[in-house]
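One-letter residues, chain by chain:
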Amino acid sequence: MTSETREIIHDQHAHPTNRFYIVIGGILILLTVLEILGYVGETRGVFSQGTAALVIGVLSAAKFFAVVAYYMHLKFDSRIFTGIFLFPAMLGTLVIVGLYMAQQILPRWGASLGF
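Residues numbered from 1 in each chain as written. Predicted model: local features only at pLDDT ≥ 70, side-chain atom pairs only at ≥ 80, totals over all residues. Heavy atoms only, no water.

Chemist: It is not clear to me how the overall build of the chain should be interpreted in this structure. Could you clarify?
Modeler: For the chain, the count of helices and strands is four helices and zero strands. Listed N to C, the secondary structure of the chain is α-α-α-α in terms of helices and strands. Split into buried and exposed, the 115 residues of the chain put 16% on the buried side. Contacts in the chain between residues far apart in sequence, at least 24 positions, make up 58% of those at least 6 positions apart. (Helix = DSSP H or I, 4+ residues; strand = E, 2+ residues; numbered from the N terminus. Buried < 20%, exposed > 50% of the residue type's maximum accessible area, 1.4 Å probe, protein only. Contact = heavy atoms within 4.5 Å.)

Laid out in structure tokens, this is it:
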């Protein structure tokens, strides 16, 4: 397949409108406000440190994937690019979850078991 053919095929699908990107931007702003509320909740004692970190981490991951999928056009590109992106992203997510468990959850379980 030549580069011209790829370009023609790429241009055949419908591209999002400006309104779509404004909606995605609004969702990103909402997620950012929720992250800030999670931080404020931690400083005021509403959430424990571990809970606030988990909430902020999940919201940050959601924002990251939204930016990559829509603003970097990964959703509209070939699926091979999605696969190339998702493998390291999932690997990084597993490392972060493992570190969170090692620092926040396992010490509490050990203390409750008498270790």
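Chemist: Explain a nonpolar patch on the surface here, please?
Modeler: Together, Ile29, Leu30, Val33, Leu34 and Leu37 line one region of the surface with nonpolar side chains, adding up to about 460 Å² of accessible area. Relative to the assigned elements, valine 33 resides in helix α2 (residues 18–43). (Patch = residues over 30% accessible without salt bridge, like charges linked within 9 Å, V, L, I, M, F, W, Y side chains within 5 Å. Areas by Shrake-Rupley, 256 points an atom, 1.4 Å probe, with all protein chains shown as cover. Salt bridge = Lys/Arg side-chain N within 4 Å of Asp/Glu carboxyl O.)

Chemist: Help me understand helix α3 (residues 49–71) in this model?
Modeler: Because the α-helix completes a turn every 3.6 residues, residues three or four places apart line up on one side. Between the first and last C-alpha of α3 there are 32 Å, a value that for 23 residues agrees with the 33 Å anticipated at 1.5 Å per step. Inspection of α3 places Gly50, Ala52, Leu59, Ala66 and Val68 among the buried residues, and these make up the whole buried set. Remark: histidine 73 follows α3 within two positions and exhibits a positive phi of approximately 60 degrees. (Expected span 1.5 Å × (residues − 1).)

Chemist: Mind showing me how you'd approach the environment of tyrosine 70 here?
Modeler: Structurally, tyrosine 70 is set in helix α3. We classify tyrosine 70 as partly exposed; its relative accessible area is 21%. Expressed as a C-alpha distance, the spacing of tyrosine 70 and tyrosine 21, which sit 49 residues apart in the sequence, is 8.0 Å. Residue contacts for tyrosine 70: discarding those within four places in its chain leaves Phe20, Tyr21, Ile24, Lys75 and Phe76.

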